[in-house]
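Spelled out from the first residue to the last, the chains are:
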Amino acid sequence: MNKKIPTGVACASALMMVIAGCGTDSSEPAAAKKDGAGKITVTNCGQELTVDKPISKMFVNDGNIISIALAAGAHDQITAVSSLQRDEDVVALAFGKDATSDLKVAAKEYPSLENVLAAQPDLMFAGWGYGFTESKNMTPEVLKEKGIPSYLLSETCRQEGGARGTMNPWEALTHDITSIGALTGNVDTAAQSVGEIEARREALEKAPKPKEKPTAFLVDSPSDTILSCGSFGAPQAIFDSAGVTNALEDVEDTWTQVSWERLATADPDIMYFVEYPGMSYADKIAALQANPATKNLAAVKEKRFVNLPYAMWTSGPLNIDAAEYVRKSLEHYGLAPKSNITTKLDIAKLSDLPGNEWLATAKS
């Protein structure tokens with residue numbers, strides 16, 4: 001698999017500006033272009049999306065995708081949201097309470113077609129598995145028939161055969177921030193957000209390396225199988241920049257089910273968890289401690305665990321915060337040397353986030 005990595009902060013910022021590029025990889029389209037008539041065109045999942053003028057009413061689903069819109073400077077263009085409740089605290093922590101308190105919630109969970117049509121948006125911003133699904137007749141094709149264009153979360157662009165993910169996860173994120181910034185008339189704010197992410201990422205990747213690179217396994221939720229993430233999902237980018245090997249980096253997909261045996265064979269040095277309703281952190285730990293395939297793994301016996309919110313693991317600007325926390329957790333557990341990396345987002349303020357007693361050391 002060919003992973004394309006931006007070639008530096010200055011170039012990344014320029015590449016993500018409307019029309020402009022730094023002349024890196026000519027196969028990558030400019031994030032956006034504007035013609036003489038004011039029409040704006042962006043590339044999304046290999047297709048061009050053109051709007052006649054900047055979007056003024058956007059429906060956005062899911063906390064991580066809402067955070068992309070906020071990072072792109074599009075707060076005032078968000079006319080309705082759905083599935084924010086789970087992530088509101090961490091999104092507000094990152095962008096301020098004012099950024100979330102006045103958002104109109106059209107649905108507490110994933111939206112119905114009726115929810116979207118009632119909001120009368122100029123654009124729907126969601127993704128496959130992040131609001132779009134054939135089973136509920138909520139697809140870009142159906143919305144197009146109703147006169148509503150869609151922008152798909154790039155992490156969820158479909159490969160041939162149906163698996164999700166076609167881009168390097170960092171590239172997918174910065175492309176989305178830039179594209180939404182262009183579509184909503186907030187190019188400068190989007191470029192500033194991309195520049196900050198790239199600068200923090202560069203600092204992480206320059207941090208001192210351990211003699212032996214540790215291996216991590218991400219647990220979303222265990223059942224008969226384990227929901228985790230392969231090489232096209234945001235966790236891959238997070239782990240890469242933090243300096244740890246994703247145990248599923250050979251799986252060319254995003255969020256996917258794997259066997260308990262796969263986790264046991266990986267024998268990870270550290271385990272990370274996705275915090276969200278449905279299965280508690282304590283229940284996930286109990287499942288690992290009870291299953292014969294995992295109960296004797298060193299990471300399980302020694303409780304090398306880190307629990308971070310959903311919106312930090314799914315594609316969005318909080319991925320860089322997650323990467324900083326992953327790095328600090330590696331240092332805490334003696335898996336990486338001490339560094340000057342600090343954490344910008346103080347998730348210790350999230351009173352409902354369990355399982356992070358180590359956080360005191362992550363602040364220094």
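As a reminder, the structure under discussion sits directly above these lines.
Report follows, based on the coordinates. All values reported here derive from a predicted model rather than from experimental measurement.

## A look at the environment of Asp-224
Reasoning step 1: Mapped onto the elements of the fold, Asp-224 is located in the loop between strand S11 (221–222) and strand S12 (226–229).
Reasoning step 2: The class of Asp-224 is exposed, set by a relative accessible area of 74%.
Reasoning step 3: For Asp-224 and Ser-259, which are 35 residues apart along the polypeptide, the C-alpha to C-alpha distance reads 7.8 Å.

## Notes on the side chain of Thr-245
Reasoning step 1: Assignment of secondary structure puts Thr-245 in strand S13 (residues 245–246).
Reasoning step 2: Residue class for Thr-245 comes out buried when judged on its relative accessible area of 19%.
Reasoning step 3: Other than its neighbours up to four places away in sequence, Thr-245 contacts Lys-213, Pro-214, Thr-215 and Ala-216.

## Considering the pairing of strand S3 (residues 47–51)
Reasoning step 1: For strand S2 (residues 40–44) and S3, the ladder comprises 5 bridges, and the chain directions are antiparallel. For Thr-43, the partnering residue across the bridge sits in S3 and is Glu-48.
Reasoning step 2: Taking the residues between adjacent antiparallel strands as the criterion, S2 and S3 are bridged by 2 residues, where Cys-45 takes a positive phi near 55°.

## Here we look at the nonpolar core
Reasoning step 1: Within the largest apolar cluster, 74 residues are counted, with the highest numbers of intra-cluster contacts made by Met-58, Leu-183, Tyr-272 and Trp-313.
Reasoning step 2: When residues no more than four places from it in sequence are discounted, the contact partners of Trp-313 are Leu-218, Ala-234, Pro-235, Ile-238, Phe-239, Trp-255, Tyr-272, Phe-273, Val-274, Leu-308, Asn-319 and Val-326.
Reasoning step 3: Within the second largest apolar cluster, 18 residues are counted, among which are Phe-217, Leu-248, Ile-285 and Leu-297.

## A word on the state of the cysteines
Note on terminology: disulfide describes a covalent bond linking the sulfur atoms of two cysteines.
Reasoning step 1: Across all of its chains, the model carries 1 disulfide by this definition.
Reasoning step 2: Disulfide pairing places Cys-45 opposite Cys-157 at an S-S distance of 2.0 Å. On the sign convention where negative is left-handed, the bridge of Cys-45 and Cys-157, at about -85° about the S-S bond, is left-handed. Taken together, the residues span a long stretch of sequence, with Cys-45 in the loop between S2 and S3 and Cys-157 in the loop between strand S9 (150–152) and helix H7 (169–183) at a distance of 112 residues.
Reasoning step 3: Relative accessible area serves as the criterion here: at 2%, Cys-157 is assigned to the buried category.

## Some points on unusual backbone geometry
Reasoning step 1: The phi torsion at Cys-45 lies on the positive side, around 55°, for a residue other than glycine.
Reasoning step 2: When its relative accessible area of 29% is taken as the criterion, Cys-45 is described as partly exposed.
Reasoning step 3: Of note in this structure, Asp-267 is not a glycine but carries a positive phi near 40°.
Reasoning step 4: Relative to the elements of secondary structure, Asp-267 occurs in the loop between helix H10 (260–266) and strand S15 (270–275).
Reasoning step 5: Classification of Asp-267 as partly exposed rests on a relative accessible area of 41%.

## Quick word on the packing of aromatic side chains
Reasoning step 1: Throughout the structure, instances matching the rule amount to 9 aromatic pairs.
Reasoning step 2: Taking 5.9 Å as the distance between ring centres and 65° as the angle between the ring planes, the aromatic pair formed by Tyr-272 and Trp-313 counts as edge-to-face. Placement of Tyr-272 in strand S15 and of Trp-313 in helix H13 (residues 310–313) is noted, with a sequence separation of 41 residues between them. For the pair Tyr-272 and Trp-313, a shared accessibility class is recorded, and that class is buried.
Reasoning step 3: With 5.4 Å between their ring centres and 85° between their planes, Phe-273 and Phe-305 make a pair best called edge-to-face.

## What about the sheet that holds strand S14 (residues 255–258)?
Reasoning step 1: Ordered in space as S11-S12-S14, the 3 strands form an open sheet in which the pairing is antiparallel. On the outer flanks of this sheet lie S11 and S14, each paired with one strand and no other.
Reasoning step 2: In this structure, S12 lies alongside S14, joined through 4 bridges in antiparallel fashion. Bridge assignment links Ser-228 to a residue of S14, and that residue is Thr-256.

## Let's talk about the pattern of salt bridges
Reasoning step 1: Inspection of the entire model under this criterion finds 14 salt bridges.
Reasoning step 2: Measuring nitrogen to oxygen at the nearest pair gives 3.1 Å for the salt bridge that ties Glu-205 to Arg-201. In this pair, Glu-205 and Arg-201 both sit in helix H8 (residues 187–205), 4 residues apart, roughly one turn of the helix.
Reasoning step 3: Here the salt bridges do not stand alone but share partners, grouping Glu-196, Arg-200, Asp-321, Glu-324 and Lys-344 into one network.

What counts and how
Position labels on residues start from 1 in each chain and follow its written sequence. Totals for whole chains, interfaces and linings use every residue, but because this is a predicted model, local features are given only for residues with pLDDT of at least 70 and side-chain atom pairs only at 80 or more, for both listing and counting. Based on all heavy atoms of the structure, the side-chain values leave hydrogens and waters out of the count. Helix and strand assignments follow DSSP, with helices taken as H or I runs no shorter than four residues and strands as E runs no shorter than two, numbered in order from the N terminus. Only protein chains enter the accessibility calculation, which uses a 1.4 Å probe; a residue whose area is less than 20% of its type maximum is buried, one above 50% is exposed, and one in between is partly exposed. Note on contacts: a residue pair qualifies if any of its non-hydrogen atoms lie within 4.5 Å across the two residues. For two strands to be treated as a pair, DSSP must find at least two bridges joining them. Here, nonpolar core means buried Ala, Val, Leu, Ile, Met, Phe, Trp, Tyr and Cys residues that are tied together by side-chain atoms lying within 4.5 Å of each other. Disulfides are defined in this document as cysteine sulfur pairs within 2.5 Å. Classification of ring pairs uses Phe, Tyr and Trp, with its six-membered ring standing for Trp, and accepts pairs whose centres are within 6.5 Å; under 30 degrees between planes counts as stacked, over 60 as edge-to-face, and the remaining range as tilted. What makes a salt bridge here is a side-chain nitrogen of Lys or Arg within 4 Å of a carboxyl oxygen of Asp or Glu, nothing more.

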